[in-house]
Structures are given as C-alpha cells and as structure tokens.
Amino acid sequence: MKNKLFYFFSILMITSCTHKNSIKENLSEKVTLKEFTPNERIIAFKFAESFTDDQISKISGDDFVILESKNFNPKTDTIKYTKNEIYISYLDALTGCVQYGGDIIIKNDSLILHLIPLNDIACTEMTVDRMIYRIKNPKNIRYKIGKH
C-alpha cells in the first residue's frame, strides 16, 4: 500500500510539475481571491518555504501520510509558547494552484489551525509548504493544538 501511494504521488508530481509555470502564470492573471478576514487573534500567517520539485519527489509514502496527518511531527513541526503568544510552524501537503489564508478556531481548551482556500482553482499539482502562525494568547493558555 505504501509503495502504491509513493508511486501515485511520484507520477502526480512529474505530470503536474511539467506545466507548473504556465499554470501559475495563467492563474495569476485570471483568479479573483475571495474576501477573507482571519480570527482577530492571528498576529501573522505566512508560507515560509516551498519544497522544490526534486525535494518533493524524494518524499516517501510514509512521509506523505505524516504530512497529511492532523497531528504534529516533532521532527519537522514547532509549537512554542511565549508570553502572550503562540508560534506554530508546520509542513503540509497542499494543492498547488490554491491560495490559502490562515485561520484558527478556538473551542474550550482546543485551538484548531484552519487553512481557508481563497480561490476556486483545482489542479493536480501538489506542493509541500511550511505554514507559520503567530497567535495572540493573552491568558497564556496551553491549548491542545490540531490541524483541520
């Protein structure tokens, strides 16, 4: 099963990456982004880096399962609590043509990170990106943090 998943993603990457530049150039001219206002407690959200096509092709099936998990991986992800703030950095496998906004949902003692698609584009391209959230935490609560 793991080998099949690896081969599927490898073929997907090879076919989608050959048209990557022309797709992004065409999308940037035609796409209208949805209005989006994140939770007021978000100080900052950004994509810090994208893996290159070569790096993505070297990711094994097991690693894709970890990337798509709602759990954090201590080898690649970071959660830091500082005074009045939470810093969260994690890797995720995403649809390449979609632009995302970062949001959070807070329920009791849980904080859920939520990526909001800002456009209605669908393509076969897959990217691995690092998301970084800085979140106000005035009461210095130690939340259970999850990915949506």
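Residues numbered from 1 in each chain as written. Predicted model: local features only at pLDDT ≥ 70, side-chain atom pairs only at ≥ 80, totals over all residues. Heavy atoms only, no water.

**Quick look at the overall build of the chain**
Part 1 of the reasoning: Of regular secondary structure, the chain possesses 4 helices and 7 strands.
Part 2 of the reasoning: Shown N-terminal to C-terminal, the secondary structure of the chain runs as helices and strands in the order α-α-β-α-α-β-β-β-β-β-β.
Part 3 of the reasoning: Across the chain, every contact between residues at least 6 apart in sequence was considered, and the portion connecting residues at least 24 apart equals 78%.
Part 4 of the reasoning: Here the chain displays about 9,400 Å² of accessible surface, and carbon together with sulfur accounts for 53% of that area. (Helix = DSSP H or I, 4+ residues; strand = E, 2+ residues; numbered from the N terminus. Contact = heavy atoms within 4.5 Å. Areas by Shrake-Rupley, 256 points an atom, 1.4 Å probe, with all protein chains shown as cover.)

**Side note on the layout of surface pockets**
Part 1 of the reasoning: For the second largest pocket, the calculated volume is near 150 Å³.
Part 2 of the reasoning: In terms of lining, the second largest pocket is formed by 13 residues, of which the most central are E68, D92, A93, L94 and H148.
Part 3 of the reasoning: Of all elements in the fold, only β3 (85-95) and β5 (110-117) reach the threshold of two or more residues within the lining of the second largest pocket.
Part 4 of the reasoning: By residue number, the principal contributor to the lining of the second largest pocket is β3, which donates 4 residues. (1 Å grid on protein atoms, 1.4 Å probe; cavity = no way out; pocket = protein on both sides within 12 Å on 5 of 7 lines; lining within 4 Å. Points joined across faces, edges and corners; volume = space filled by probe spheres on them.)

**Describing unusual backbone geometry**
Trans peptide bonds make up most of the peptide bonds, and negative phi angles are found at most residues other than glycine.
Part 1 of the reasoning: At N84, a residue that is not glycine, the phi angle is positive and equals roughly 70°.
Part 2 of the reasoning: Here N84 falls in the partly exposed class, since its relative accessible area comes to 34%.
Part 3 of the reasoning: The backbone of N140 sits at a positive phi, close to 50°, despite the residue not being glycine.
Part 4 of the reasoning: Here N140 shows up in the loop between β6 (126-136) and β7 (144-147).
Part 5 of the reasoning: What makes N140 partly exposed here is its relative accessible area of 39%. (Buried < 20%, exposed > 50% of the residue type's maximum accessible area, 1.4 Å probe, protein only.)

**Thoughts on the environment of R41**
Part 1 of the reasoning: You can see R41 is positioned in the loop between α2 (20-30) and β1 (42-50).
Part 2 of the reasoning: Overall, R41 belongs to the buried group, its relative accessible area being 18%.
Part 3 of the reasoning: Spatially, the C-alpha atoms of R41 and N137 are 7.6 Å apart, while their sequence positions differ by 96 residues.
Part 4 of the reasoning: Not counting residues within four places of it along the chain, the set of residues in contact with R41 comprises I104, I106, R134, I135, K136, N137, P138 and Y143.
Part 5 of the reasoning: Side chain to side chain, R41 and Y143 meet in a polar contact 3.2 Å long. (Polar contact = N/O pair within 3.5 Å; in protein donor to acceptor, adjacent residues only side chain to side chain.)

**A few points about the sheet that holds β3**
Sheets are built from strands that pair by backbone hydrogen bonding, the pairs being arranged parallel or antiparallel.
Part 1 of the reasoning: What the 4 strands build is an open sheet, ordered β1-β6-β3-β2; its pairing is antiparallel. Sheet topology places β1 and β2 (78-82) at the edges, where each strand pairs with a single neighbour. Averaged over all pairs of adjacent strands, the angle between their axes in this sheet comes to 20°, without regard to strand direction.
Part 2 of the reasoning: As defined by bridge partners, β1 adjoins β6 across 7 bridges and the pair is classed as antiparallel. Residue pairing across strands places I42 opposite I135, the latter belonging to β6. (Pairing = 2+ DSSP bridges. Axes fitted to C-alpha atoms, helices over the stretch in contact; angles between N-to-C directions.)

**Regarding the nonpolar core**
Part 1 of the reasoning: If you look at the biggest cluster of nonpolar residues, it comprises 16 residues, and the most contacted ones within it are I88, L111, L113, Y133 and I135.
Part 2 of the reasoning: Only β3, β4 (100-107), β5 and β6 provide two or more residues apiece to this core.
Part 3 of the reasoning: Counting residues per element, this core draws most heavily on β3, which supplies 4 residues.
Part 4 of the reasoning: In this structure L111 touches I86, I88, I104, I105, I106, I135, Y143, K144, I145 and G146, once residues within four positions along its chain are discounted.
Part 5 of the reasoning: Among the nonpolar cores identified, the runner-up in size contains 5 residues, and L67, L91, A93 and V128 belong to it. (Core = buried A, V, L, I, M, F, W, Y, C linked by side-chain atoms within 4.5 Å.)

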